[in-house]
Amino acid sequence: MSDTNRSNRLARPVDQARDHVLGPNNAEITLVEYGSYDCPHCRAANEVIASLRDDFGDRLRYVFRHKPISDSNLAGPAAKLVERATDAEQFWATHVELMTRSEQLTEEDLRAVAAQLDQAQAASQESPETAEESTRHAGDRVAADVASAAAS
């Protein structure tokens, strides 16, 4: 298989402005995870990915895209919750909290993380979207990632 074919497996290329990205755009390696906050394998991989990021430093660019598992009542709401973040710092803090708060994601985790996110947004004094706009934006973002996963 040629290098061109290996590098073009994503239906939607990584976009630094749109995707959730940690690491430089010119990194030698890009790791794209289509993950779910209620997937035990994704939650386990979170620690491994953090270790890889430490080991590879600026040679690795990590991209997180949503693909909530379908047999969960919490996966979709968790993905939409993290998408309420108003900036990259809030997104990654919420992402880590959802992945590590407990051994298995619970409704209580979602309530607690939502409260933390609301407090962070209130403290930042940014003009938040209305609840309806935020919900629509989050749902659209998650749906786009799911479609990208299926196409890729």
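Everything below is about the structure printed above this text.
The rules behind the values
- Residues numbered from 1 in each chain as written.
- Predicted model: local features only at pLDDT ≥ 70, side-chain atom pairs only at ≥ 80, totals over all residues.
- Heavy atoms only, no water.
- Helix = DSSP H or I, 4+ residues; strand = E, 2+ residues; numbered from the N terminus.
- Buried < 20%, exposed > 50% of the residue type's maximum accessible area, 1.4 Å probe, protein only.
- Contact = heavy atoms within 4.5 Å.
- Areas by Shrake-Rupley, 256 points an atom, 1.4 Å probe, with all protein chains shown as cover.
- Lys, Arg positive; Asp, Glu negative; His and termini not counted.
- Salt bridge = Lys/Arg side-chain N within 4 Å of Asp/Glu carboxyl O.
- Polar contact = N/O pair within 3.5 Å; in protein donor to acceptor, adjacent residues only side chain to side chain.
- Pairing = 2+ DSSP bridges.
- Right-handed = clockwise from strand over helix to strand, strands pointing away.
- Phe/Tyr/Trp six-rings, centres within 6.5 Å; stacked < 30°, edge-to-face > 60°.
- Axes fitted to C-alpha atoms, helices over the stretch in contact; angles between N-to-C directions.
- Parallel < 35°, antiparallel > 145°, perpendicular 65-115°, else oblique.
- Nonpolar A, V, L, I, M, F, W, Y, C, P; charged D, E, K, R; others polar.

K.L.:
Account for the overall build of the protein, naming residues and giving values.
P.N.:
Across its full length, the protein carries 6 helices and 3 strands. Listing every helix and strand of the protein by position from the N terminus yields α-β-β-α-β-α-α-α-α. Put simply, the protein has 152 residues, and 38% of those count as buried. Long-range contacts, defined here as pairs at least 24 residues apart, represent 77% of the contacts in the protein between residues at least 6 apart. Accessible surface for the protein amounts to roughly 9000 Å². Of this, 49% is attributable to carbon and sulfur atoms.

K.L.:
A description of the side chain of aspartate 38 should follow, citing residues and the corresponding values.
P.N.:
Mapping aspartate 38 onto the fold places it in the loop between strand 2 (29-35) and helix 2 (40-56). Arginine 43 provides the closest opposite charge to the buried, salt-bridge-free aspartate 38, at an N-O distance of 6.0 Å. Looking at aspartate 38, its side chain comes within polar contact range of the side chain of serine 72, at 2.4 Å. Here aspartate 38 is in contact with Ile69, Ser72, Leu74, Ala75 and Leu105, once residues within four sequence places are set aside.

K.L.:
Explain the pairing of strand 2 residue by residue, including any values.
P.N.:
In the sheet, strand 2 pairs with strand 3 (residues 60-66) via 7 bridges, with the strands oriented parallel. From the neighbouring strand, tyrosine 34 faces strand 3, where its bridge partner is arginine 65. In this fold, strand 2 hands off to helix 2, which returns the chain to strand 3; that crossover is right-handed.

K.L.:
Give a detailed account of the packing of aromatic side chains, specifying residues and quantitative values.
P.N.:
Applying the stated rule across the entire model yields 3 aromatic pairs. Here the aromatic rings of phenylalanine 91 and tryptophan 92 are separated by 4.9 Å at their centres, their planes lie at 90°, and the arrangement is edge-to-face. Residues phenylalanine 91 and tryptophan 92 agree in their burial class; the two are buried.

K.L.:
Describe the packing of helix 3 (residues 75-82) against helix 5 (residues 107-124), with residues and values.
P.N.:
The relative placement of two packed helices comes down to the angle between their axes together with the axis-to-axis distance. Two elements in contact, helix 3 and helix 5, have axes separated by 11 Å at closest approach and are oriented at 10°. Compared by their axis directions, helix 3 and helix 5 come out roughly parallel. Packed against helix 3, whose contacting residues are Pro77, Ala78 and Leu81, the element helix 5 presents Leu110, Val113, Ala114 and Leu117 at the interface. A class-by-class count of the residues in the contact of helix 3 with helix 5 yields 7 nonpolar, no polar and no charged.

K.L.:
Quick one: what's the story with the sheet that holds strand 3, residue by residue and with numbers?
P.N.:
In a beta sheet, neighbouring strands pair by backbone hydrogen bonds and run either parallel or antiparallel. The 3 strands lie next to each other as 1-3-2, forming an open sheet whose pairing is mixed. This sheet does not close on itself; its edge strands, each paired only once, are strand 1 (20-22) and strand 2. If you compare each strand with its neighbour and ignore which way they point, the axes differ by 20° on average. When strand 1 meets strand 3, the two strands line up antiparallel, connected through 3 bridges. Along strand 3, the bridge assignment pairs leucine 22 with tyrosine 62.

K.L.:
Could you give me a rundown of the pattern of salt bridges, with the residues and numbers involved?
P.N.:
Taken as a whole and assessed by the stated rule, the structure comprises 11 salt bridges. Here glutamate 83 and arginine 141 are joined by a salt bridge, their closest N and O atoms 4.0 Å apart. Of the two residues, glutamate 83 sits in the loop between helix 3 and helix 4 (88-100) while arginine 141 sits in helix 6 (residues 131-151), which places them 58 residues apart along the sequence. On the basis of relative accessible area, arginine 141 is assigned to the buried category, the value being 10%. In this structure, arginine 111 engages glutamate 108 in a salt bridge whose closest nitrogen and oxygen atoms are separated by 3.3 Å. Remark: glutamate 108 and arginine 111 occur in helix 5; sequence separation between them is 3 residues, near one turn of the helix. When its relative accessible area of 42% is taken as the criterion, glutamate 108 is described as partly exposed. One network of salt bridges, with partners in common, ties together Arg12, Arg18, Asp19, Arg65 and Asp145.

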